[in-house]
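Reading the structure
Spelled out, the chains give:
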Amino acid sequence: MRVPRRALAALLVLAAVPATASCTAAHGADDPRPAGAGPAALAPYGRILPAPVSAHAAGPGYAFGPGTVVRTGTTDDEEVRKVGELLAEQLRGPSGLPVPVVDGAEGDGIRLRIDEGTEGAGAEGYRLESGPDGVTLTARTPAGLFHAGQTLRQLLPVSGPGTVPGGTVTDAPRFAYRGAMVDVARHFFTVEQVKRYVDQLAQYKVNTLHLHLTDDQGWRLAIDSWPKLAQYGGGSEVGGGPGGYWTKDQYRDLVAYAGERYVDVVPEIDMPGHVNAAQASYAELNCDGKARERYTGIKVGFSSLCVGKERTYEFIDQVLGELAELTPGPYLHIGGDEAHSTPAADYAAFMDRAQEAVAKHGKTVIAWHQLATAHPAPGAVLQYWGHDRTAAPEKAAVAAAAKAGHPLILSPADRLYLDMKYDATTKPGLAWAGFVPVRRAYDWDPGTYLAGVPESEILGVEAPLWTETIATRPDLEYMAFPRVLGLAELGWSPPAARDWTAYSRRLAAQAPRLDSQDVNYHRAPDVPWR
Ligand code: TNX
């Protein structure tokens, strides 16, 4: 049985607001506050973040209580069952209710349904319908059901039982790639710490975790054919701390954990620069055959693999081969940034071979946008990290590559670099791209950002968190939150929903949720926290 439509109530709501897709979410049309009142609590359908394509409150809701079950439909759909189990677990924690998971689709409760015909849902979208007999989540894919579940969590109180207000959400993402990066090379972070970040991101529908695994200061992943990379090269970090590395099993565990939350892992081995940790571990990776000293400072651009040596290519082939085998997602990121110690011709020749190695192991290349100055291979994705002051010819080279068919991931440093200070009072962080307050991180349009690049060439957006100055979980969260929620909304919500005033109220409404999850976020002065 479908949730009955409360047609009359729905019509009344629709009549009260302009008929644009995002109206309710962006402007809180179901907000009961009297006209003229200042910022007040948004009604549940108006505070969903990222803002959905459409959301309408209508009719009585569903009482989520001791009798609530999650129904996962037919038993033979293992993946849907898993989505249901995870959603039930996410609901149990804050509510203290048992929320068992049961087979079968009929009956009261939270119902998960795959329907290939779900209109406008695409690969990740969904429909959520709430009424007195339950909440029905419908999607074409398990990923869509997962995202629907995250929306449902936001319609419930932060703790205890409560009512899911009656209404409907229809939703689908604007961009396929919605990423966050963590640099575990400058400072080491444990798999447990990164898992916590994955949980925080996945609840806002971020679907990609880019791991910057290697840099001058440390090599963080065990590679069987080159064991000293992790064993020796992992034993350092910025500031002289002990560093660390992940075993292959730990990495697999993280990838699986992220996968269950529909977050793909994109691992990065940065080359031909940013390789001092490798060159300290193996003398043969240096042109002069001498191992480098370990490095714990924060300079960039001084190291380079030995481009003229065949052994270099055996090295990258074996490393990328092992990495490809560990990585279920389609991409390997090969860095390619700030190769200031590699002459341009050598850089281009090296990147040709590195891209060949990625293709040989069945993966698609992502590289920082400097690859545009060499020869990006067919299908290679470029990650743009320029900023307002980036020289026009550099931007034009990226735009030309996009025109030639290279999809772009946008990570403008003066918008999405989570290691940039909010303002002059921020203790951790850098400021080479300027300060990035919360509004600046959100208030720009990825679809029109780069001159000459239409939205169709934009694969998505990503917020990198470089860790030269960030060594602890509280600092990592302080820099990421709340700015990374802006990234989540830029990546997911329709362009019409992008409005700073409305967004800042949705963001403020997330505070109790972040508090209850013990997230150390920055109470930025540009957000109307209550
Ligand atoms: C630039 S962004 C870098 C990193 C630094 C970062 C610090 C990029 C591709 N390279 O090596 O960690 O700035 O903000």
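Criteria and cut-off values
- Residues numbered from 1 in each chain as written.
- Predicted model: local features only at pLDDT ≥ 70, side-chain atom pairs only at ≥ 80, totals over all residues.
- Heavy atoms only, no water.
- Pairing = 2+ DSSP bridges.
- Helix = DSSP H or I, 4+ residues; strand = E, 2+ residues; numbered from the N terminus.
- Axes fitted to C-alpha atoms, helices over the stretch in contact; angles between N-to-C directions.
- Contact = heavy atoms within 4.5 Å.
- Near = heavy atom within 4 Å.
- Polar contact = N/O pair within 3.5 Å; in protein donor to acceptor, adjacent residues only side chain to side chain.
- Areas by Shrake-Rupley, 256 points an atom, 1.4 Å probe, with all protein chains shown as cover.
- Nonpolar A, V, L, I, M, F, W, Y, C, P; charged D, E, K, R; others polar.
- Phe/Tyr/Trp six-rings, centres within 6.5 Å; stacked < 30°, edge-to-face > 60°.
- Buried < 20%, exposed > 50% of the residue type's maximum accessible area, 1.4 Å probe, protein only.
- Lys NZ or Arg CZ within 6 Å of the ring centre and 35° of its normal.
- Expected span 1.5 Å × (residues − 1).
- pLDDT = per-residue confidence, 0-100.
- Domains from an automatic or database assignment.
- Buried area = accessible area lost by both parts, 1.4 Å probe.
- Salt bridge = Lys/Arg side-chain N within 4 Å of Asp/Glu carboxyl O.
- Disulfide = S-S within 2.5 Å.

Considerations on the sheet that holds strand 14 (residues 264–271)
Think of a sheet as strands paired side by side through backbone hydrogen bonds, with each pair either parallel or antiparallel. Strand order in the closed barrel formed by eight strands is 10-11-14-15-16-17-18-19, and the pairing between neighbours is parallel. With strand direction ignored, the average angle separating the axes of adjacent strands in the sheet is 25 degrees.

Things to note about the sheet that holds strand 9 (residues 167–171)
Pairing within the open sheet is mixed, and its seven strands lie in the order 1-9-6-7-5-3-4. Strands with a single pairing partner mark the edges of an open sheet, and in this sheet they are strand 1 (54–57) and strand 4 (101–102). In this sheet, strand 5 (residues 109–114) lies alongside strand 3 (residues 70–71) in parallel orientation, the contact comprising two bridges. Along strand 5, the bridge assignment pairs valine 70 with isoleucine 110. Against the sheet, helix 3 (residues 78–95) touches strand 3, strand 4, strand 5 and strand 7 (134–139), its axis set at about 150 degrees to strand 5. Along the sheet, helix 4 (residues 142–155) contacts strand 5, strand 6 (126–131), strand 7 and strand 9; its crossing angle with strand 6, the most-contacted strand, is approximately 40 degrees.

As for the site of the ligand
For the ligand, the set of nearby residues contains 14 residues, the closest of which are Arg186, Tyr417, Asp419, Trp432 and Glu468. Between an oxygen atom of the ligand and a side-chain N or O atom of arginine 186, the distance comes to 2.7 Å. A distance of 3.0 Å separates an oxygen atom of the ligand from a polar side-chain atom of glutamate 338. In the complex, 97% of the free accessible area of the ligand, which totals 360 Å², lies under the protein chains. Within the shell around the ligand, the residues separate by chemical class into eight nonpolar, one polar and five charged.

Regarding the packing of aromatic side chains
By the definition in use, this model includes 19 aromatic pairs. Relative to tyrosine 449, the ring of tryptophan 444 lies with its centre 5.0 Å away and its plane at 70 degrees, an arrangement referred to as edge-to-face. Neither tryptophan 444 nor tyrosine 449 differs from the other in exposure class; each is buried. Grouped by ring-pair contacts, the aromatic residues Trp368, Trp385, Tyr417, Trp432 and Trp466 constitute a single cluster. It is arginine 353 that lies over the ring of tyrosine 313; its NZ or CZ is 4.0 Å from the centre.

Things to note about the environment of tyrosine 262
As for its position among the elements, tyrosine 262 is in the loop between helix 7 (248–260) and strand 14. Overall, tyrosine 262 belongs to the buried group, its relative accessible area being 18%. Sequence spacing of tyrosine 262 and alanine 202 is 60 residues, and the spatial spacing of their C-alpha atoms is 7.5 Å. Other than its neighbours up to four places away in sequence, tyrosine 262 contacts Glu79, Val83, Pro142, Ala143, Phe146 and Asn207.

Structural notes on helix 5 (residues 191–202)
Note on helix geometry: an α-helix contains 3.6 residues per turn, so any two residues three or four positions apart are oriented the same way. In this model, helix 5 (twelve residues) spans 16 Å end to end at C-alpha, consistent with the 16 Å of a helix rising 1.5 Å per residue. The set of residues buried in helix 5 consists of Val191, Val194, Lys195, Tyr197, Val198, Gln200, Leu201 and Ala202.

Quick look at the confidence of the model for the protein chain
On average, residues of the protein chain carry a pLDDT of 92, and 92% of them reach 70 or more. Put simply, helix 1 (residues 7–16) is where the protein chain has its lowest mean pLDDT, 30, and strand 11 (residues 208–212) is where it has its highest, 99. Counting interchain partners and residues more than four positions distant, the pLDDT-below-50 stretch residues 1–38 has 67 contacts.

Structural notes on the domain arrangement of the protein chain
When its domains are assigned, the protein chain resolves into domain 1 (54–171) and domain 2 (177–516). Of the residues lining the interface, 17 residues belong to domain 1; the matching set on domain 2 comes to 14 residues. Contact between domain 1 and domain 2 buries roughly 1400 Å² in total, counting both sides, with carbon and sulfur atoms accounting for 52%. The largest per-residue losses of area from domain 1 upon contact with domain 2 belong to Phe146, Gln154 and Val158, which jointly make up 36% of the total buried on that side. On the surface where domain 1 and domain 2 come into contact, there are one salt bridge. Residues arginine 178 and glutamate 124 are paired through a salt bridge, measuring 2.9 Å at the closest nitrogen-oxygen approach. On the surface where domain 1 and domain 2 come into contact, there are seven residue pairs in polar contact (both at pLDDT 80 or more). For the side of domain 1 that touches domain 2, the secondary-structure elements that each account for two or more residues are helix 3 and helix 4. It is helix 4 that contributes the most residues to the side of domain 1 that touches domain 2, eight residues altogether.

Some details on the state of the cysteines
The full count for this structure, using the stated rule, is one disulfide. The disulfide partner of cysteine 287 is cysteine 306, and the S-S distance across this bridge is 2.1 Å. The sign of the S-S torsion, about 105 degrees, decides the handedness of the disulfide formed by cysteine 287 and cysteine 306: right-handed. Of this pair, cysteine 287 sits in the loop between helix 8 (276–281) and helix 9 (310–326) while cysteine 306 is found in the loop between helix 8 and helix 9, placing the two residues 19 residues apart along the sequence. Given a relative accessible area of 5%, cysteine 306 falls into the buried group.

Some remarks on the pairing of strand 10 (residues 177–183)
The side chains of a regular strand alternate, first on one face of the sheet and then on the other. Across the seven residues of strand 10, seven count as buried, placing the element largely inside the fold. Residues Tyr177, Gly179, Met181 and Asp183 of strand 10 are buried on one face, and the alternating residues Arg178, Ala180 and Val182, pointing to the opposite face, are buried as well. When strand 10 meets strand 19 (residues 458–465), the two strands line up parallel, connected through six bridges. Bridge pairing in strand 19 links tyrosine 177 to glycine 460. One ladder, built from five bridges, connects strand 10 with strand 11; its direction is parallel. Its bridge partner lying in strand 11, aspartate 183 is registered against histidine 212.

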